[in-house]
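Descriptive analysis of the structure
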Amino acid sequence: MVIASTKKLVASINFETIDLIMNQLNHSNRALVLFSGGQDSTTCLAWALSHFSHVETIGFHYGQRHAIELEMRPQLLQKIRKLNPSWDASLGEDHLIDLSVISQLSQTAMTEDIAIQMQENGLPNTFVPGRNLMFMLTAATLAYRRNLNVLVGGMCETDFSGYPDCRDDSMKALQVALNLGLDTRMRLETPLMWIDKAATWRLAESLGGEALIELIREDTHTCYLGQRGQLHEWGHGCGTCPACELRAKGYLSYRSQT
Ligand code: ZN
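A few points on the structure.

Calculation rules
Residues numbered from 1 in each chain as written. Predicted model: local features only at pLDDT ≥ 70, side-chain atom pairs only at ≥ 80, totals over all residues. Heavy atoms only, no water. Helix = DSSP H or I, 4+ residues; strand = E, 2+ residues; numbered from the N terminus. Buried < 20%, exposed > 50% of the residue type's maximum accessible area, 1.4 Å probe, protein only. Contact = heavy atoms within 4.5 Å. Areas by Shrake-Rupley, 256 points an atom, 1.4 Å probe, with all protein chains shown as cover. Pairing = 2+ DSSP bridges. Axes fitted to C-alpha atoms, helices over the stretch in contact; angles between N-to-C directions. Expected span 1.5 Å × (residues − 1). Polar contact = N/O pair within 3.5 Å; in protein donor to acceptor, adjacent residues only side chain to side chain. Parallel < 35°, antiparallel > 145°, perpendicular 65-115°, else oblique. Nonpolar A, V, L, I, M, F, W, Y, C, P; charged D, E, K, R; others polar.

1. A few points about the overall build of the chain
For the chain, the count of helices and strands is 10 helices and seven strands. Here the chain holds 258 residues, and the buried ones make up 47% of them. Excluding contacts between residues fewer than 6 apart, the proportion of contacts in the chain whose partners are at least 24 apart in sequence is 67%. Within the structure as shown, the chain displays about 12,900 Å² of accessible surface, and the carbon and sulfur contribution to it stands at 55%.

Structure (structure tokens):
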């Protein structure tokens, strides 16, 4: 009885149906990673390459003081390809988008040569209002054209600077808004949302071993001031800005646990 109905089902599947199913499967495996060239987004890229069959990257020029991170991206992408043949096969186009309108709209320590300090509203003046929202909106617009349906970002609310647009609720609300506004079905993935910086290093190790750890340590950029300087145990940077402090603390905690 079961065999007969299975045979009937198989007979009813034609090539058109198989094509349709394969297209849907392929579509659900196509991701766009917000890739700045920093520690978090490089870990997210490795995560995406381990989960999806086709992965493209997007970076933004928005007048950031640490524009050096953009210079690090091409060589980072080349080195990531060499770490794993399957990653090399999955990694597609890189897109660099000009969002300099952000620096025209806001005045922050991330885009202006002013001292980093806490503001009256309890947020550091490195917070760029709307930045991550614009990043995701821009990424979704590109993903729509490129037929990519997963957006991957390194937002995290566990071990972060308190930026409200890094919070899980902001991302979930944005996913709903994007899907309604674009009449599509995109998924926003944030693999670092609930882990601290030490766990982010551990995640990188689990994805790409010591080779990926070394690549992230030496070739990614995190320092807000855009300084490369000497290579510390935890990577390059000024060593005193909030981003360097967070990165160093996370790395030392990771190493003390391994
Ligand atoms: Zn720094």
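Structure's up, so let's keep going.
2. Description of the sheet that holds strand β5 (residues 187-189)
Across the sheet, which stays open at both edges, the five strands sit in the order β3-β2-β1-β4-β5 with parallel pairing between neighbours. Looking at strand neighbours, the two that pair on one side only are β3 (91-98) and β5, the edges of this open sheet. The mean inter-strand angle of the sheet, taken between neighbouring strand axes irrespective of direction, is 25°. In the packing of helix α7 (residues 131-146) onto the sheet, contacts are made with β1 (30-34), β2 (54-61), β3, β4 (150-152) and β5, and the angle to β1 comes to roughly 150°. Running at roughly 155° to β5, helix α8 (residues 168-182) makes contact with β4 and β5 of the sheet.

3. Brief notes about helix α9 (residues 197-219)
Helix length check: α9, at 23 residues, gives a terminal C-alpha distance of 17 Å against a target of 33 Å (1.5 Å per residue), a shortfall beyond 12%. Its side-chain oxygen at 3.2 Å from the backbone nitrogen of Ala198, Asp196 defines the N-terminal cap of α9.

4. Some thoughts on the packing of helix α3 (residues 39-51) against α9
Between α3 and α9, the shortest axis-to-axis distance is 10 Å and the interhelical angle comes to 75°. By the angle between their directions, the pair α3 and α9 is classed as roughly perpendicular. Together, Gln39, Asp40, Thr42, Thr43, Ala46, Trp47 and Ser50 of α3 and Lys197, Thr200, Trp201, Leu203, Ala204, Leu207, Leu212 and Ile216 of α9 make up the contact between the two elements. Its residues placed into classes, the contact of α3 with α9 shows eight nonpolar, five polar and two charged.

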